[in-house]
Amino acid sequence: MQQAKNTETVMTFYAFVDAIIPNTPDLAARLGAIQLLGATDLDTYSYLIYQLDHFLSIHAGLSPIDVPLAQPTAELLNNAALQVIVTGRNIEPLNHYLFNSNLPFTLLSRTDRLRTVNFLERLQIDLGALPVPFKNNGGLVQSMIDGINRLTYFGYYSEWFGYGTTRLLAPDWRKLQFFPPSWIQTGYPGRSYGYRDVRGFLLKYPRKGEIENVN
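Parameters and conventions
- Residues numbered from 1 in each chain as written.
- Predicted model: local features only at pLDDT ≥ 70, side-chain atom pairs only at ≥ 80, totals over all residues.
- Heavy atoms only, no water.
- Axes fitted to C-alpha atoms, helices over the stretch in contact; angles between N-to-C directions.
- Helix = DSSP H or I, 4+ residues; strand = E, 2+ residues; numbered from the N terminus.
- Parallel < 35°, antiparallel > 145°, perpendicular 65-115°, else oblique.
- Left-handed = near helix turned anticlockwise from the far one by under 90°.
- Contact = heavy atoms within 4.5 Å.
- Nonpolar A, V, L, I, M, F, W, Y, C, P; charged D, E, K, R; others polar.
- Core = buried A, V, L, I, M, F, W, Y, C linked by side-chain atoms within 4.5 Å.
- Buried < 20%, exposed > 50% of the residue type's maximum accessible area, 1.4 Å probe, protein only.
- Salt bridge = Lys/Arg side-chain N within 4 Å of Asp/Glu carboxyl O.
- Expected span 1.5 Å × (residues − 1).
- Arc of directions from axis to C-beta.

As a further point, take the packing of helix H1 (residues 7-20) against helix H3 (residues 44-54). Orientation of H1 relative to H3, taken along the N-to-C sense of each, is 120 degrees, at an axis distance of 8 Å. Classified by the angle their axes make, H1 and H3 are oblique. Relative to H3, the crossing made by H1 is right-handed. For the pair H1 and H3, the contacting residues are Thr9, Val10, Phe13, Tyr14, Phe16 and Val17 in the first and Thr44, Tyr45, Leu48, Ile49 and Leu52 in the second. Tallied by class, the residues present in the contact of H1 with H3 amount to 9 nonpolar, 2 polar and no charged.

Right, here's the structure in full:
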């Protein structure tokens, strides 16, 4: 299965991760330039697309064929954003310059993108107007919103970006090419082979006669 190449899908997830983990210039001014980086800088949107198309697919009816979920999930976000715009629930002006004007989710401010995600999580969206497989399926909508939120943080703080040119290969073929910036942000020292750590405690077996005297 190949990485989704649909430009609209890529731009939608770019806007999504940008809202979840944005650039933080104020934090960088206080703690150093490394803290400026947001999820878009670390290619987290590609991680999200890869996971949705390879590991979170669903089965179509009784068919064993997997259905990649990146494109349908992007359509879910855009459909919900359109509903927010049409009903006047966005609280900030639309941005017609930052992203694609044909993708409602990308037109919303970061605040309204997060609010749209919250509306989906609370099922405060017309479920009947959503695209398949989310149409009239509130449980799947909530599971997906929870999933892409978690995956964004996991992709950002994991070694994903450090795989460099190998990050879109199968897991067995990836190679860590440089130290991921998020590891520097969190102070994680990286892998250490042969590292001594607690792996449990030694069992103390009772001496002969101790079991009989327990009572």
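With that out of the way, let us pick up the nonpolar core. Side chains of a nonpolar character, in soluble globular proteins, are inclined to be buried together. In this structure, Phe13, Phe16, Leu77, Leu120, Val141 and Ile145 are the most contacted members of the largest nonpolar core, which totals 40 residues. Those elements giving two or more residues to this core turn out to be H1, H3, helix H4 (70-86), helix H6 (110-121) and helix H7 (138-157). Filtering out sequence-adjacent residues up to four positions away, phenylalanine 16 remains in contact with Leu48, Leu77, Phe105, Val117, Ile148, Asn149 and Thr152.

This part covers the pattern of salt bridges. Here the structure, examined in full by the defined rule, presents 5 salt bridges. Salt-bridge contacts for arginine 110 lead to aspartate 18; the nearest nitrogen and oxygen are separated by 2.8 Å. Residue arginine 110 is found in helix H6, and its partner aspartate 18 is found in helix H1; the two are separated by 92 residues along the sequence. With a shortest N-O distance of 3.0 Å, arginine 167 and aspartate 43 are connected by a salt bridge. A residue pair is termed long-range when its members are at least 10 positions apart, and arginine 167 in the loop between H7 and helix H8 (181-186) and aspartate 43 in the loop between helix H2 (25-31) and H3 qualify at 124 residues. Each member of the pair, arginine 167 as well as aspartate 43, carries the same accessibility label: buried. Look at the salt bridges and you will find they share partners, linking Asp18, Arg110 and Arg113 into a network.

Another point: H6. With 12 residues, H6 should cover 16 Å at 1.5 Å per step; its first-to-last C-alpha distance of 17 Å lies within 8% of that length. When H6 is considered as a whole, its buried residues turn out to be Asp112, Arg113, Thr116, Val117, Phe119 and Leu120. Looking straight down H6, one finds that the buried residues subtend no more than 155 degrees of arc, so they occupy a single side. Looking at the buried side of H6, the elements it contacts are H1, H4, helix H5 (104-107) and H7. After H6 finishes, the residue leucine 123 shows a positive phi value of roughly 60 degrees.

Another aspect to go through is the environment of lysine 135. Within the secondary structure layout, lysine 135 lies in the loop between H6 and H7. Assessed through its relative accessible area of 45%, lysine 135 is described here as partly exposed. Apart from residues no more than four positions distant in its own chain, lysine 135 is found in contact with Leu127, Gly128 and Leu130.

Now for unusual backbone geometry. Look at the link from valine 132 to proline 133: it is a cis peptide, with omega at 10 degrees. Residue placement: proline 133 occurs in the loop between H6 and H7. Unlike most non-glycine residues, aspartate 43 shows phi in positive territory, near 60 degrees. Using a relative accessible area of 12% as the deciding quantity, one classes aspartate 43 as buried. Not every positive phi belongs to a glycine, and asparagine 136 is a case in point at roughly 55 degrees. Looking at the element boundaries, asparagine 136 is found in the loop between H6 and H7. Asparagine 136 sits in the exposed class, given a relative accessible area of 57%.

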